[in-house]
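Examination of the molecular architecture
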Amino acid sequence: DAKTTQPTSMDCAEGRAANLPCNHSTISGNEYVYWYRQIHSQGPQYIIHGLKNNETNEMASLIITEDRKSSTLILPHATLRDTAVYYCIVRVYGTGTASKLTFGTGTRLQVTL
Amino acid sequence: DGGITQSPKYLFRKEGQNVTLSCEQNLNHDAMYWYRQDPGQGLRLIYYSQIVNDFQKGDIAEGYSVSREKKESFPLTVTSAQKNPTAFYLCASSRSNTEAFFGQGTRLTVV
């Protein structure tokens, strides 16, 4: 199964862009990269996902390198409410028709004034 | 409202007792998942199911059991064989290759 590696923690000033990196060097060609975030004691919230093209939605942008071995989640204008643990996940396929989500270690993003 | 519902929010269990956590979704999702989270740690996969009457062990299935008799429901039983059951339990659901939606979790405490 492809695994992910993320920095343990990062800081970002409010109003600035937050760039969160993720390494997934063993990713397979048909595996997607997903990003979620978790605010303390709540269920994780979906942010964005992609296969090989860069993606953007109202929350964030996802930049995937050409070799797909790493990606970066960009929060363009971070606010205090973006303080959370951010998880980079590679979607893997299990036996038969089943598929599963395998979470990485997560990055604790602290947005400060 | 559409969504995924976990109940109860808080649960207390005596040592040696089995306890069942409920997870229901009305999103018509095929896949459902159970995760465990310990304080300051990431999520670890317990069990997952892609279709009714089929489920697979995750990374930490020992001491847990599940059933998937209906598409909407994926209950998790924490058995007495689970040596350290105190944790935050999260249920999620998804279509085959789209984003997963998570419930708000059940915090289980063994007393």
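So, here's what we can say about the structure. Worth saying up front: this structure is predicted, and the values here are computed from it rather than measured. (Residues numbered from 1 in each chain as written. Chains lettered and ligands numbered in written order. Predicted model: local features only at pLDDT ≥ 70, side-chain atom pairs only at ≥ 80, totals over all residues. Heavy atoms only, no water.)

Some details on the overall build of chain B
Quick reminder of the rule: Secondary structure elements follow DSSP: runs of H or I no shorter than four residues count as helices, runs of E no shorter than two count as strands, and numbering proceeds from the N terminus. It is over C-alpha atoms that the radius of gyration is taken, and the globule rule equals 2.2 Å times the number of residues to the power 0.38. Summary of the burial criterion: residues with accessible area below 20% of their type's maximum are buried, those above 50% are exposed, and those between are partly exposed, where the area comes from a 1.4 Å probe applied to protein chains only. Residue contacts follow a heavy-atom distance rule, with two residues in contact if any of their heavy atoms lie within 4.5 Å. For the accessible areas, the method is Shrake-Rupley and the probe is 1.4 Å, while residue cover comes only from the protein chains on display. Positive charge is attributed to Lys and Arg, negative charge to Asp and Glu, and no charge count is given to His or to the chain ends. To locate a charge, take atom NZ for lysine, CZ for arginine, CG for aspartate or CD for glutamate.
Helix and strand counts for chain B stand at 0 helices and 11 strands. The order of helices and strands in chain B, counted from the N terminus, is β-β-β-β-β-β-β-β-β-β-β. Radius of gyration (C-alpha) of chain B: 13 Å, near the 13 Å computed for a compact globule of 111 residues. In chain B, buried positions account for 50% of the 111 residues. Considering only contacts in chain B between residues 6 or more positions apart, those separated by 24 or more positions represent 52%. Total accessible area on chain B stands at roughly 5400 Å², and carbon and sulfur atoms take up 46% of it. Both charge centroids of chain B, one from 12 positive and one from 11 negative side chains, sit 6 Å from each other.

A few points about the interface of chain B and chain A
Put simply, the test is: Two parts placed together each lose some accessible area under a 1.4 Å probe, and the buried area is that loss summed for both. Each salt bridge in this description consists of a side-chain nitrogen of Lys or Arg and a carboxyl oxygen of Asp or Glu lying within 4 Å of one another. What qualifies as a polar contact is a pair of N or O atoms within 3.5 Å, subject to a donor-acceptor requirement within protein and to the restriction that residues adjacent in sequence count only when both atoms come from side chains.
In this complex, chain B contributes 24 residues to the contact, which on the side of chain A involves 21 residues. Of the roughly 1900 Å² buried between chain B and chain A, counting both surfaces, carbon and sulfur atoms make up 47%. In this assembly, chain B and chain A are joined by 0 salt bridges. Where chain B packs against chain A, one counts 4 residue pairs in polar contact (both at pLDDT 80 or more). Counting only elements with at least two residues in the side of chain B that touches chain A, the list comes to β4 (31-37), β5 (43-49), β9 (87-94) and β10 (100-102) of chain B.

Remarks on the pattern of salt bridges
Residue and element names in this part refer to chain B. Scanning the model with the defined rule gives 4 salt bridges over all chains in all. Its salt-bridge partner being Lys71, residue Asp30 comes within 3.4 Å of it at the nearest N-O pair. With Asp30 in the loop between β3 (19-25) and β4 and Lys71 in the loop between β7 (64-66) and β8 (76-78), the pair connects residues that are 41 residues apart, well separated along the chain. Between Arg44 and Asp38 there is a salt bridge; the shortest N-O distance is 2.8 Å. Salt bridges sharing common partners tie together Arg36, Asp38 and Arg44.

Here's the deal with the sheet that holds strand β5 (residues 55-56) of chain A
Residues and elements named next belong to chain A. Convention followed: Pairing between strands is defined by DSSP: at least two bridges between the two strands are required.
Taken together, 4 strands build an open sheet; the order of strands is β2-β7-β6-β5 and the sheet is antiparallel. Edge positions in the sheet fall to β2 (18-23) and β5, since each of these pairs with one other strand and no more. Strand direction decides the pairing type here: strand β6 (residues 61-64) and strand β7 (residues 70-75), joined by 4 bridges, are antiparallel. Each residue of the ladder has a partner; that of Ile63, found in β7, is Thr72.

Observations concerning the environment of His49(A)
Position of His49(A) among the secondary structure elements: in strand β4 (residues 45-50). With relative accessibility at 21%, the residue His49(A) sits in the partly exposed group. A C-alpha to C-alpha distance of 16 Å links His49(A) and Lys3(A), two positions 46 residues apart in sequence. Those residues in contact with His49(A) that sit more than four places away from it in its chain are Tyr32(A), Val33(A), Tyr34(A), Glu55(A), Leu62(A) and Glu99(B). In terms of polar contacts, His49(A) uses its side chain to reach the side chain of Tyr46(A), at 2.7 Å.

Shape is all these values report; function is a separate question.
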